[in-house]
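# Close look at the chain arrangement
This is what each chain is made of:
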Amino acid sequence: MAADDADGAPTAMGPRLRAARERRGATLAAVGRATGISISTLSRIETGRRAPTLDVLLRLAEEYGASLDELAGRTPVPAAGPRAREPLSFGDDKAVLPLTRYVGGLHAHKHVLPALDGPPARPRQVSHDGYEWLCVLYGRLWLALADQDLVLTPGEVAEFDTRTPHGTANAGPGGPVEYVVMFGPQGERLRQRTPPAPSPR
């Protein structure tokens, strides 16, 4: 499961991830089955030998019912309880709401980018294994895909191999942006099916 390390995700997060898992009484094997993350990857992260990627953090935050701030040690971690379904917040004010449980294969989440007060900077790009499909629900989304710049409006869809450098941002002042992402960490893709055309009479 490859990906670039998430910004600000130091190896010191490992002990907090282990504590979050142990509070739920889960084994590495159980977490691996629920999230699709290999046991060896989980072990290396918990022991500080590997920094977790953003994709991994999203899966573990969902599984442990914790926010990214809690896992990063910025806020107290609550006692074990019912799994939260609140959006996960990021340092750039982006919110991500998981729409599926991460059990391998395609998973989905909704992203919300806040309104801007001024012109945006070109999105920071990342690359990692997988395939992504996104659809804009509201606002104007700037998609920087390698050296291409696209502005997507509501109802428009983009799909791409995430090994291509990519990044997103609000395309400009005027309001927030909401979009849905379907992501296949192993390169899984959506499969379009349509009913057969009626036979001519």
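Nothing here was measured: the structure is a model prediction, and the numbers come from that model. (Residues numbered from 1 in each chain as written. Predicted model: local features only at pLDDT ≥ 70, side-chain atom pairs only at ≥ 80, totals over all residues. Heavy atoms only, no water.)

The next thing to look at is the nonpolar core. By size, the foremost hydrophobic cluster in this structure holds 17 residues, and its most contacted members are M13, L17, V31, L60, Y64 and L71. Breaking this core down by element, the ones donating at least two residues are α1 (13–23), α3 (39–46), α4 (54–64) and α5 (68–71). Here this core takes 5 residues from α4, the largest share from any one element. In this view, L17 contacts I45, E46, P52, L60, Y64 and L71; residues no more than four positions away in its chain are not counted. In this structure, L141, A158, Y179 and F183 belong to the second largest nonpolar core, which totals 13 residues. (Core = buried A, V, L, I, M, F, W, Y, C linked by side-chain atoms within 4.5 Å. Buried < 20%, exposed > 50% of the residue type's maximum accessible area, 1.4 Å probe, protein only. Helix = DSSP H or I, 4+ residues; strand = E, 2+ residues; numbered from the N terminus. Contact = heavy atoms within 4.5 Å.)

What follows concerns the environment of H111. Looking at the element boundaries, H111 is found in strand β3 (residues 107–113). Note: C-alpha distance between H111 and V136 (25 residues apart in sequence) is 9.5 Å. If sequence neighbours within four positions are ignored, H111 has contacts with K94, A95, V96, V177, E178, Y179 and V181. In terms of polar contacts, H111 uses its side chain to reach the side chain of H109, at 2.7 Å. (Polar contact = N/O pair within 3.5 Å; in protein donor to acceptor, adjacent residues only side chain to side chain.)

Let us look at the confidence of the model for the protein chain. When pLDDT is averaged across the protein chain, the result is 79; 81% of the residues are at 70 or more. Counting contacts from residues 1–10, a segment whose pLDDT is below 50, to residues more than four positions away or on other chains yields 28 contacts. Here residues 77–85 is a poorly scored stretch, pLDDT under 50, and it has 17 contacts once near neighbours within four places are set aside; other chains count. (pLDDT = per-residue confidence, 0-100.)

Side chains V96 and P98 project from strand β2 (residues 95–98) onto a buried face, and the interleaved A95 and L97 project onto a face without burial. Relative to β3, β2 is paired through 4 bridges, and the arrangement is antiparallel. Each residue of the ladder has a partner; that of A95, found in β3, is V112. (Pairing = 2+ DSSP bridges.)

Within α4, 10 of the 11 residues are buried, leaving the element largely enclosed by the surrounding structure. Three or more residues of α4 are buried, namely D55, V56, L57, L58, R59, L60, A61, E62, E63 and Y64. Positive backbone phi, approximately 65 degrees, marks G65, located one or two places after α4.

Turning our eyes to something else, we now look at the pairing of strand β7 (residues 157–161). The side-chain alternation of β7 yields one buried face, formed by A158 and F160, and one unburied face, formed by V157, E159 and D161. With 5 bridges connecting them, strand β4 (residues 131–138) and β7 associate as antiparallel partners. In the strand pairing of β7, L134 is matched with A158.

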